[in-house]
Amino acid sequence: MTHIDAGAELDPVHPVALPMTRSAGLTGAEVAERVTRGQVNDVPVRSSRSLGGIVRANVLTRFNAIIGVLWLIMLFVAPIQDSLFGFVILANTGIGIVQEWRAKQTLDSLAVIGEARPTVRRDGTAAEVATSEIVLDDLIEIGPGDKVVVDGVCVEADGLEIDESLLTGEADPVVKRPGDAVMSGSFVVAGGGAFQATKVGREAYAAQLAEEASRFTLVHSELRTGISTILKYVTWMMVPAAVGLVVTQLVVQSHGFKDSIARTVGGIVPMVPEGLVLLTSVAFAIGVIRLGRKQCLVQELPAIEGLARVDTVCLDKTGTLTEGGMDVTELRPLDGADEGYVRKVLGALGESDPRPNASLKAIIDACPDTEEWRCVESVPFSSARKYSGAAFSEADGEISTWLLGAPDVLLADGDPALAETGRLNEQGLRVLLLTRANRDLDDPEPARGARPTALVVLEQRLRPDAADTLRYFADQNVRAKVISGDNAVSVGAVAAKLGLDGTTVDARHLPADRAGMADALDRGTIFGRVTPRQKRDMVGALQSHGHTVAMTGDGVNDVLALKDSDIGVAMGSGSEATRAVAQIVLLDNSFASLPSVVGEGRRVIGNITRVATLFLVKTVYSVLLAVLVVCAQVAYPFLPRHLTLLSTLTIGVPAFFLALAPNKERAKPHFVRRVMRYSIPGGVVAGAATFVTYLVARDHYTGNGQLAAETSAATLTLFLVSMWILAIIARPYTWWRVTLVAAMGVAFLLVLAVPALQGFFALKLVGVTMPWTAVGIAVVAAAALEFLWKWVDRREALR
C-alpha cells in the first residue's frame, strides 16, 4: 500500500497531505561541531544524591555536632570508657554512609536500565540515543507515549497531538503543525511527527522546572517529617535541662571538676536520639536495595513509605491485568459485507498508522496489507476519541473513509450490532467496530451516519500473576479499583476471571461533581469507558474521601492520573511519559512485584515506629532524670559509660535488628502522635522508677564508695525497666525476638558477674537488700508500663 510520508505537511483547512521534503537531520560533522561547542543536552540524571552529599548528610547534623563536642571534652577529662558514646556515633555514621552509598549504586544502575532513549534522525537514519547525547538542532522523532525531552519547533506532523497539561494545566491535547513550538515535559497522546531541538540542557523548560523541583521532596514523607518534628521538640527539652544540669553538677555539688563534667555529659548525651535518624536512613536504603534486586526502580525514596500507607489501588486493565499483546480471534462482517474486502480495509488501516497500538498490531498480524490502496488522510487513535480513522484511494480510484474503534462510541443507542458486542464483552473479549463513514475525517462528528461493516473480536492475554496479586491486596484490606478505557462489560469479565468481584460501572454515567463521583467510586469496583481526564478526576475524588491512592498504568492515557495519585507505579515497558511521572517503575513489567513494594514499605514504617519508641523513651527518661536531679540538687547518678552500656543493650543493638525485621501491618497515620503516646508514659515510668531507687539507695548507703553503690542500684532498675519496654516493643514474639531480648539480658549479667567488666563499667552491686529493692521497684514499674500501654492501645483502637 502506498502511504503519504509522515513528513508531509497538512493544510489546516483541507487535511489532505501536501508533499514536503523529509529532513535528513544533522550530519555527523554537524553533531561533532555542536558537541565541541558544548551545545549538548547535558542535564545530569539525578536518581540519587552524590557521594559527597551522602557524607555531608550523615556527618554534618545538629546532633552529631552536639555529641562531637561532648566527646572531645570527655576524651580530655575522663577515662576512655566514658568516651565510648563517641565511638558509637562514628560507627553509626559509617554504617549510614555505606548503606546509602550501596542504595545509590543500586538506584543509578536501575536508572540506566529505565532511562528513556529518544529517536534522533541523523544523516537520514533514525536511531535511539541517550537523552544526554541530544545536541542543538537535532531532529527528534516522536509518537504516542513519547515524552518531549527538550524544547523545539515542530517540523513534521501526522495527526500530532501533544498534552501540555503537566506544564500549563490545560487539560485538552494541543494539535501541533509544522512551525509550532513544543515544550519539554509535555508528551504525545496521538499521532506522530518530528521536531527540531531549539533549547537543550539547562535552557530547556522542563530542565528549569526539574531544577526548581529538586529543592524539595516531591513525595510527602510523614516518617521523615515526623522525625524532624520530634527532633525539634527534643532540642527544646534538651537546652533548659542541660543548662540546669551543668549548673547543679558544677556549682552546687562539691565533687571534683572532672567528675562533675563527666556526670553532666552523662546526663546530656542520652537525651539525644542519635540512632533514630541513622536507622531511618538505613531502613530506607536497605529497602531500595531489596527492591532493586526485584527490578523495582524507586525514583523517590519516600515512595516506599507512601505505598505502604495505600488503602486503594487503581489499576489500568491493559498492560497491568492483561499483557500488552492481543490476538484477533474472529472477524464478523455485518449487513452482508464481504470478508475479503473487510480484510483489505483492516490491512490498509494497520499500514496507515506508523505507530500502531496493541489492538492494531494484532489486526496487522491477522490482515496483511495490500499495495493497491493509498492512504490520503488519517486520524490516529486517541484515548479521548476512542477511535482512529483513515481515507483511502482504492485500487479502482474510489475514495473511501473508514473508522475503527469502540462500538458503543461509534454506534447509536439501540443499534443491533451493540447487542452482539455486549454478548462478546461478557466473555471478556475486546470488540472493535469497523464502520464506513459518510463524512470527512475533519468533520466535527465523523461517525454520524456511518455504516457498520464488521466486528473485530480480540482476545486479551491475562497476566499469570495478576490473580495472586489481587488476592494479596484483598487479604491486606487494600481495595482494588479497575479503571479502564475499554467497554465496562468486557473489563468486568476480565476482572471476574482474575477473581475480582464487584459492581461494574460505565464511567460515562458517573456524576460530574467530585462528591457524587467519590460516592460512586466507593460503591463500584470496575469502571469502563473512562477517559484520561476522568481517570485523573477519579483519583482526586477518592483522595477527597480520605483514601491514599496508588495508580498503576503503562499507557499515555494514564499519565495524568499517575501524576495526581499519592503513588504512581509504571510498567517498565510503558510509555516514556508514564515512566517519567511515576515514583516507582516496575522494570520487569511484573505486576506481581507490587506486593514486594508494599511489603517493603510496611516493613520500613512499622519497624521505624517501633524503634522510634525505644529511642524516645530514652530521651524522655533522660530529660526527666535531669529535671529531678536539678530540683533535688543531688549528684547525677550516672556516668556516660553506664548509659552507653544501657543504650547499647536495650536500644542500639535490638533496634538495628527490629528495624530490618519483616512487618506486614499496614502503616497507620499520625506517626508523631502515636510514637509520643507510648514514649512519654514509658519514659516517665522509667525515669521515676530509677530516681526512686537512687533516692532509696542514698538513704541506704553511707561511707566511701557510696555514690558508686547508688549508681549501680539505679542502673539495675533502669536496665530492668528498659528491658521490659524492649520486651513489649518486640511483641509478637518469634524465636529470634525472644533470643534477641534474652541475649541482651545475658550480656548485662556478664558485666555484673565478670570482675574486669565490673571495673571497666564501674558497676558493682553492694549488699543484698538494695539490689533486691531495685528489682522490686523495677517490677512495679513494669506492671505500670503494661497498664499504661494497654490503656493507650485501647484509646488508639477507638480512633
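Residues numbered from 1 in each chain as written. Predicted model: local features only at pLDDT ≥ 70, side-chain atom pairs only at ≥ 80, totals over all residues. Heavy atoms only, no water.

K.L.:
Quick question: what am I supposed to make of the overall build of the chain here?
P.N.:
If you tally the helices and strands in the chain, you get 27 helices and 24 strands. Residues classed as buried in the chain amount to 56% of the 799 residues present. A separation of at least 24 residues holds for 72% of the contacts in the chain among residues at least 6 apart in sequence. (Helix = DSSP H or I, 4+ residues; strand = E, 2+ residues; numbered from the N terminus. Buried < 20%, exposed > 50% of the residue type's maximum accessible area, 1.4 Å probe, protein only. Contact = heavy atoms within 4.5 Å.)

K.L.:
Would you take a moment to explain the confidence of the model for the chain for this structure?
P.N.:
The predicted coordinates ought not to be read in detail in places where the model reports low pLDDT. The predicted model of the chain has a mean per-residue pLDDT of 80, with 89% of residues at 70 or higher. Here strand S3 (residues 17-18) is the element of the chain with the lowest mean pLDDT, 35, and helix H25 (residues 735-753) is the one with the highest, 92. Low confidence marks residues 1-21, where pLDDT is under 50. Its contacts with residues over four positions away, or in another chain, come to 53 contacts. A low-confidence stretch, residues 210-219 stays under pLDDT 50, and its non-local contacts, those more than four residues away or across chains, total 10 contacts. (pLDDT = per-residue confidence, 0-100.)

K.L.:
It is not clear to me how the pairing of strand S15 (residues 387-393) should be interpreted in this structure. Could you clarify?
P.N.:
Across a regular strand the side chains alternate sides, sitting on one face of the sheet and then on the other. The buried fraction of S15 is high, at 7 of 7 residues. By the alternation rule, side chains of S15 split into Tyr-387, Gly-389, Ala-391 and Ser-393 and Ser-388, Ala-390 and Phe-392, which are all buried. Where strand S14 (residues 374-379) lies against S15, 5 bridges are found, and the strand directions are antiparallel. Its bridge partner lying in S15, Ser-378 is registered against Ala-390. Examined bridge by bridge, S15 and strand S16 (residues 399-405) share 7 bridges and lie antiparallel to one another. Counterpart to Phe-392 in the pairing with S16 is Ser-400. Between S15 and S16, which pair antiparallel one after the other, the connecting turn spans 5 residues, and Gly-397 there sits at a positive phi close to 90°. (Pairing = 2+ DSSP bridges.)

K.L.:
Would you explain the side chain of Thr-711 in this entry?
P.N.:
Within the fold, Thr-711 resides in helix H24 (residues 706-729). Aside from chain neighbours lying at most four places away, what touches Thr-711 is Arg-263, Pro-637, Phe-638 and His-642.

K.L.:
Whenever I open this one, the sheet that holds strand S12 (residues 312-315) confuses me. Can you help?
P.N.:
Strands belonging to one sheet form pairs held by backbone hydrogen bonds; the direction of such a pair is parallel or antiparallel. Pairing in this open sheet of 8 strands is mixed, and the strands run S11-S24-S23-S22-S12-S19-S21-S20 from one edge to the other. This sheet does not close on itself; its edge strands, each paired only once, are strand S11 (296-298) and strand S20 (504-506). Adjacent strand axes in the sheet meet at a mean angle of 20°, parallel and antiparallel pairs treated alike. Note: S12 against strand S19 (residues 479-483), 4 bridges, orientation parallel. (Axes fitted to C-alpha atoms, helices over the stretch in contact; angles between N-to-C directions.)

K.L.:
Sorry, what's going on with the pattern of salt bridges here?
P.N.:
Opposite charge on two side chains makes pairing possible when the charged atoms of those side chains draw close. What the rule picks out here adds up to 21 salt bridges. For the salt bridge of Glu-141 with Arg-121, the shortest nitrogen-to-oxygen distance reads 2.9 Å. One end of the pair, Glu-141, is in strand S6 (residues 139-142); the other, Arg-121, is in strand S4 (residues 119-122), and 20 residues separate them in sequence. (Salt bridge = Lys/Arg side-chain N within 4 Å of Asp/Glu carboxyl O.)

K.L.:
Help me understand helix H12 (residues 358-366), please; the structure alone is not making it clear to me.
P.N.:
Within an α-helix, residues lying three or four positions from one another point in the same direction, as the helix has 3.6 residues per turn. For H12, the set of buried residues is Ser-359, Leu-360, Ala-362 and Ile-363. Looking straight down H12, one finds its buried side chains confined to an arc of 155°; they lie on one side. (Arc of directions from axis to C-beta.)

K.L.:
I tried to follow a nonpolar patch on the surface on my own but got confused; where do I start?
P.N.:
Nonpolar side chains collect at one region of the surface, where Leu-72, Leu-75, Phe-76, Ile-80, Phe-87, Leu-90 and Phe-760 lie side by side and expose about 690 Å² of accessible area between them. Secondary structure elements with two or more residues in the nonpolar patch: helix H3 (62-77) and helix H4 (84-114). With 3 residues, the top contributor of residues to the nonpolar patch is H3. As for its position among the elements, Leu-90 is in helix H4. (Patch = residues over 30% accessible without salt bridge, like charges linked within 9 Å, V, L, I, M, F, W, Y side chains within 5 Å. Areas by Shrake-Rupley, 256 points an atom, 1.4 Å probe, with all protein chains shown as cover.)

K.L.:
Help me understand the packing of aromatic side chains, please; the structure alone is not making it clear to me.
P.N.:
Given two aromatic rings, their pairing is described by the distance between the two centres and the angle made by the two planes. Tallied over the full model, the rule gives 10 aromatic pairs. Ring geometry for Tyr-472 against Phe-473: centres 5.7 Å apart, planes inclined by 65°, an arrangement best described as edge-to-face. An angle of 90° between the planes, with centres 6.3 Å apart, marks the rings of Phe-656 and Phe-657 as edge-to-face. In this structure Phe-656 comes out as partly exposed when scored by relative accessible area, which is 31%. (Phe/Tyr/Trp six-rings, centres within 6.5 Å; stacked < 30°, edge-to-face > 60°.)

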